[in-house]
Amino acid sequence: MLMTRERPQPVTRRFLESLSFQLMGIFAASLGAPFLYVFLQPLDHIAEATIINSAIASFAAATVALFLYRRVTSFPGTSGFAYIIPTFSAPFAVAVAVMLGLRLAYSGSMLSAGFVASVVFGFLATHLSQKFARRQFYLVPFGDIDIALDRSGVDWVVLHKPEVPDWDRHGAIVADLRHDMDPEWERMLASAALSGRVVYHTKQLRESLTGKVEIEHLSENSFGSLLPNLAYRKIKRAGDIAVALIALPVLIVPFLLVSLWIRMDSKGPALFIQERMGFGARPFKVFKFRTMEVREACAAGDAEYDAITKHEDARITRAGRFLRRSRIDELPQLWNVLKGDMSLIGPRPEALALSEWYERELPFYVYRHIVRPGITGWAQVNQGHVAALDDVHIKLHYDFYYIKHFSAWLDILILMRTVGTILTGFGSK
């Protein structure tokens, strides 16, 4: 919503989104519900050590969950309701595992009461925040301000005078910092920044609201180092290896059953092996369950077209439709993960013909190979499968956002959203 007159920022938003309010709510929920359960039990029903251990575990798990929830929902495109149960379930599960591992006495009922109460508080706080905590930005009306016209869910207050909105100490100011503004407007922005006020460049805010990064020049200092976080890359690689080593032996029997189903459903091998562009722009062979009928190779000039999966593609088999919708067809790529060709999370690897085509048509496309390709990724959970060149360009912006914000937090968010895409079939072809 674009507003041409200034209005004070509601105090409600700052209160509902404040860490102090949320910590107080978590404290009351995670401890109040377990102790209420104890109060309703017969005397001496629960040992004192059990009560203390359970209360500490409930509060600790709920607090960790709160910080995890605040972190993953700070990324764009995240609907708070979708991440409440996953972010609270994991810490409480870890708390139970620690109790069992250390052989500490605890009450499952008390922990369950703390978990349920914490989740209820999470839903209530998120509902109130979305209802009363609409975002509000103060816009300097010069230069490239299209962001104010194409982003819903935000109140834009246009500043008509070069004065800092003192009535709202926490309100962020948005301006096109590349525009040649009059000196009084530049002094206002400098004063706002010196006073601790957040001043966003329009492009920076667009990235935050859309989850996409568009690189105009590889030397842009807004992108930071061209190399992603090297320390996290090593940790991520260790995690990939651990997951693949655990998952592959467990999945051997299911893999054999899926392979048998594919062979019975249509002629051809169970596995589809294709050369794709990978880490460091080096080709590798990717492994997938075959989901299409085996046909003769296409002519050289049609390689790009043949490599694209079209909407309602006639080549997809009956078994293939289920495997694609459920993403089961991607699971053999755990072998690629173990070999080091891929990661669990990263930009999706493209067939060589497509990758070479995109590199010819799209600036900086090759930069997406700075990280290992993944089984799932930021573009997949936001956009799904794409084929048209314009859509691939948008996908590239999502890939650049992932590279720029390469971190454990973003990977956790992608894993959570991947569960949703599997359940809904979002983006499958």
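What comes next concerns the included structure. (Residues numbered from 1 in each chain as written. Predicted model: local features only at pLDDT ≥ 70, side-chain atom pairs only at ≥ 80, totals over all residues. Heavy atoms only, no water.)

1. Re the pairing of strand β4 (residues 172–175)
Side-chain alternation along β4 places Ala 172 and Val 174 on one buried face and Ile 173 and Ala 175 on a second face that is also buried. The pairing of strand β2 (residues 135–139) with β4 spans three bridges and is parallel. Its bridge partner being in β4, Phe 137 is matched across the sheet by Ala 172. Sheet topology note: the β4/strand β5 (residues 199–201) ladder contains three bridges and is parallel. Counted as the bridge partner of Val 174 is Tyr 200 from β5. (Buried < 20%, exposed > 50% of the residue type's maximum accessible area, 1.4 Å probe, protein only. Helix = DSSP H or I, 4+ residues; strand = E, 2+ residues; numbered from the N terminus. Pairing = 2+ DSSP bridges.)

2. Thoughts on empty space enclosed by the protein
As enumerated under the stated definition, the model contains two cavities of 30 Å³ or more in all. One number sums up the size of the largest cavity: a volume of about 70 Å³. Taken together, Arg 233, Lys 236, Arg 237, Asp 240, Ser 343, Ile 345, Val 371, Arg 372, Tyr 402 and Phe 406 make up the full set of residues lining the largest cavity. Counting only elements with at least two residues in the lining of the largest cavity, the list comes to α9 (230–250) and β8 (343–345). Considering each element in turn, the lining of the largest cavity owes the most residues, four residues, to α9. When its residues are assigned to classes, the lining of the second largest cavity shows six nonpolar, two polar and three charged. (1 Å grid on protein atoms, 1.4 Å probe; cavity = no way out; pocket = protein on both sides within 12 Å on 5 of 7 lines; lining within 4 Å. Points joined across faces, edges and corners; volume = space filled by probe spheres on them. Nonpolar A, V, L, I, M, F, W, Y, C, P; charged D, E, K, R; others polar.)

3. Let's talk about a negative patch on the surface
There is a patch of like negative charges on the surface, built from Asp 180, Asp 182, Glu 184 and Glu 186. As for its placement among the helices and strands, Glu 186 is situated in helix α7 (residues 183–194). Relative accessible area serves as the criterion here: at 40%, Glu 186 is assigned to the partly exposed category. (Patch = residues over 30% accessible without salt bridge, like charges linked within 9 Å, V, L, I, M, F, W, Y side chains within 5 Å. Areas by Shrake-Rupley, 256 points an atom, 1.4 Å probe, with all protein chains shown as cover. Salt bridge = Lys/Arg side-chain N within 4 Å of Asp/Glu carboxyl O. Lys, Arg positive; Asp, Glu negative; His and termini not counted. Charge placed at Lys NZ, Arg CZ, Asp CG, Glu CD.)

4. Notes on the side chain of Ser 107
On the secondary structure map, Ser 107 appears in the loop between α4 (80–102) and α5 (108–132). Its relative accessible area of 9% is what places Ser 107 among the buried residues. In terms of polar contacts, Ser 107 uses its side chain to reach the backbone amide nitrogen of Met 110, at 3.1 Å. Not counting residues up to four positions away in its chain, the partners in contact with Ser 107 are Tyr 37, Thr 50 and Ser 54. (Polar contact = N/O pair within 3.5 Å; in protein donor to acceptor, adjacent residues only side chain to side chain. Contact = heavy atoms within 4.5 Å.)

5. Considering the packing of aromatic side chains
Tallying each qualifying case throughout the model produces 14 aromatic pairs. Taken together, a centroid distance of 5.4 Å and an interplanar angle of 75° make the contact between Phe 92 and Phe 115 edge-to-face. Note that Phe 92 is positioned in helix α4 and Phe 115 in helix α5, a separation of 23 residues in sequence. Looking at Phe 115, the relative accessible area reads 25%, which means it is partly exposed. One aromatic cluster is present, formed by Phe 137, Trp 156 and Tyr 200 through successive ring pairs. (Phe/Tyr/Trp six-rings, centres within 6.5 Å; stacked < 30°, edge-to-face > 60°.)

6. Thoughts on the pattern of salt bridges
Note on pairing: side chains with opposite charge can pair once their charged atoms come close. Applying the stated criterion to the full structure yields nine salt bridges. The residue Arg 368 makes a salt bridge to Asp 399 at a minimum N-O spacing of 2.9 Å. You can see Arg 368 sitting in the loop between α14 (352–361) and β9 (374–376) and its partner Asp 399 sitting in helix α16 (residues 389–404), a full 31 residues away along the chain. Taken as a pair, Arg 368 and Asp 399 share a single burial class, namely buried. Bridged by salt links that share partners, the residues Lys 288, Asp 329, Glu 330 and Arg 348 form one connected network.

7. Comments concerning the environment of Asn 382
Locating Asn 382 in the fold gives a position in helix α15 (residues 378–382). Reaching out from Asn 382, the side chain makes a polar contact with the side chain of Arg 417 at a distance of 3.3 Å.

8. Examining the nonpolar core
With 64 residues, the main nonpolar core has Phe 88, Leu 334, Trp 378, Tyr 402, Leu 410, Leu 413 and Ile 414 as its most contacted residues. Looking at this core, the element that brings in the most residues is helix α3 (residues 48–72), giving eight residues. When residues no more than four places from it in sequence are discounted, the contact partners of Tyr 402 are Lys 236, Ile 345, Gly 346, Pro 347, Val 371, Trp 378, Leu 410, Asp 411 and Ile 414. With twelve residues, the next largest nonpolar core counts Val 157, Val 164, Met 188 and Leu 189 among its residues. (Core = buried A, V, L, I, M, F, W, Y, C linked by side-chain atoms within 4.5 Å.)

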